[in-house]
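Geometric and topological summary
Each chain, letter by letter, is given below.
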Amino acid sequence: MQFRRLLNLVSAQKKIYFALCGFGKNFFVCFFWALVCGWTAHCDIMADHNGNDVHDERWAVASAERLLGAWVTRTWIHEPLSLPSPRNIQEIYSIQSAMHTCALAQELGGVAGYKQGGIDAVAGEAAVYGVLFKNGIINTITNPQQTLSKRDYNLFGLEPEVAFLLGADLLPREDKQLLTEEEVYAAVDTISFCIELCGKRHTIPDASPMQCLADASCAGGVALGPSWSTQDKSISWLRKLSAHLIVNETTVATGHATDNPLGSPVSSLAWCANHLHTRGMALKKGQIVIGGAICKSRDFHAGDTVRAEFYSGDVSEGCVGITIAP
């Protein structure tokens, strides 16, 4: 791994530096060696970059393997320097692209789709999406006893959302224009209420937003609830939704669908579809996209009973419930 190689390099250089200092015979020799240490460490980092100062493909693959390896083995990253640190949005997505093809992804069931979030987390980006994996998707309607483990997914957050199941591929338009919300919604088979259970592959409390976004945008699991055909629910209906998040019968958060990226669940989905096209990718039939948090909370523990209630105005539209496993 590039991170470990860098640490070893700096460690070796430090030993030489302090040995020279210990002799105390030549201050300028020590000063010169310190400059050399800094320069060679810089070159070691830059060796992982192309002319645009972006980490190269090898770095992205190694970063994806590091994150997915922690996820598969449940061996979380504790050292800050071991956590991949992208410096721009291109590097975030290069790690996520590598996750698609990484062999370890199959240990998580393979890619299931995407989650939306990261509003204003990166300058110039309306949102940032992350990769979802199939093993973390559960259906509370068809299998009400199924749950997710707080420990196994390192869960830390709860977010009521709207999920979209694609019934057709969403390929770019031939005229190169952006897909409209209506075109994107027409490709959706079913919509569901859901709770996203956010997770992370590290235990570092002050990880940067860029590091968290590279970590599959803190994807963990998704608990799906009641669903409908798009023939039964309109785009405008989705825009009017609100949600209450309840933990052990206490309301811990409320919010509105306008808090989604781009201002609504379908706008969020359309943005994701169009952005993927800029990367030579596309949403595919059978994939799931969750549109972003309507509200959120970190106020929960293993063993808690969690429920998200969804409303259109004052009318209750349905709920999703799950008990968090240890």
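Given the structure is predicted, the values throughout are model-derived calculations rather than measurements.

In this section: the overall build of the protein. Scanning the protein from terminus to terminus reveals nine helices and 11 strands. A buried classification covers 52% of the 326 residues belonging to the protein. Considering only residue pairs separated by 6 or more positions, the protein has 75% of its internal contacts joining residues 24 or more positions apart. When the accessible area of the protein is evaluated, it comes to approximately 15300 Å², of which 55% is carbon and sulfur surface.

Our next topic: the pattern of salt bridges. Counted according to the given criterion, the structure contains 11 salt bridges. Of the charged contacts, one joins Glu181 and Arg239 as a salt bridge, the two residues approaching to 2.8 Å between their closest N and O atoms. Of this pair, Glu181 sits in helix α6 (residues 181-186) while Arg239 sits in helix α8 (residues 235-239), and the two are 58 residues apart along the sequence. Under the relative-accessibility criterion, Arg239 is labelled partly exposed at 34%. Arg201 is paired through a salt bridge with Asp215; the nearest N and O atoms lie 2.7 Å apart.

Below, the discussion takes up the sheet that holds strand β1 (residues 111-117). Across the sheet, seven strands lie side by side as β2-β1-β9-β4-β5-β6-β3; this open sheet has mixed pairing. Two strands lie at the open edges of the sheet, namely β2 (128-133) and β3 (137-139), each paired on one side alone. Each strand of the sheet is rotated relative to its neighbour by a mean of 30 degrees, with strand direction disregarded. Across seven bridges, the pairing between strand β5 (residues 188-199) and strand β6 (residues 221-229) is antiparallel. Bridging across to β6, Cys194 finds its partner in Leu224.

So, about the environment of Gly117. Its location among the elements puts Gly117 in strand β1. For Gly117, a relative accessible area of 15% gives the class buried. Separated by 12 residues in sequence, Gly117 and Tyr129 have C-alpha atoms that sit 6.0 Å apart. Ignoring sequence-local partners within four residues, the contact set of Gly117 consists of Ala127, Val128 and Pro261.

What follows deals with helix α4 (residues 89-101). With 13 residues, α4 extends 19 Å from end C-alpha to end C-alpha; this agrees with the ideal 18 Å at 1.5 Å per step. Those residues of α4 that fall on the buried side of the exposure criterion are Ile89, Glu91, Ile92, Tyr93, Ile95, Gln96, Ala98 and Met99. Where α4 is buried, its residues contact α3 (57-73), β2, α7 (209-214) and α9 (265-278). At the N-terminal boundary of α4, the capping side chain belongs to Asn88, with an oxygen 3.2 Å from the backbone nitrogen of Gln90.

So, on to the packing of aromatic side chains. Applying the stated rule across the entire model yields eight aromatic pairs. Plain terms: the ring middles of Trp228 and Trp237 are 5.9 Å apart, the flat faces sit at 65 degrees to each other, and that makes the pair edge-to-face. The class for Trp228 is buried, based on a relative accessible area of 18%. A relative accessible area of 11% places Trp237 in the buried class. Taken together, Tyr93, Tyr114, Tyr129 and Trp271 form an aromatic cluster joined through their ring pairs.

Here we come to unusual backbone geometry. Non-glycine residue Asp120 carries a positive phi angle of around 60 degrees. Residue position: Asp120 is located in the loop between β1 and β2. Residue class for Asp120 comes out exposed when judged on its relative accessible area of 65%. Phi is positive for Lys176, close to 70 degrees, though the residue is something other than glycine. Within the secondary structure, Lys176 sits in the loop between β4 (155-166) and α6. For Lys176, a relative accessible area of 73% translates into the label exposed.

Rules used throughout
Residues numbered from 1 in each chain as written. Predicted model: local features only at pLDDT ≥ 70, side-chain atom pairs only at ≥ 80, totals over all residues. Heavy atoms only, no water. Helix = DSSP H or I, 4+ residues; strand = E, 2+ residues; numbered from the N terminus. Buried < 20%, exposed > 50% of the residue type's maximum accessible area, 1.4 Å probe, protein only. Contact = heavy atoms within 4.5 Å. Areas by Shrake-Rupley, 256 points an atom, 1.4 Å probe, with all protein chains shown as cover. Salt bridge = Lys/Arg side-chain N within 4 Å of Asp/Glu carboxyl O. Pairing = 2+ DSSP bridges. Axes fitted to C-alpha atoms, helices over the stretch in contact; angles between N-to-C directions. Expected span 1.5 Å × (residues − 1). Polar contact = N/O pair within 3.5 Å; in protein donor to acceptor, adjacent residues only side chain to side chain. Phe/Tyr/Trp six-rings, centres within 6.5 Å; stacked < 30°, edge-to-face > 60°.

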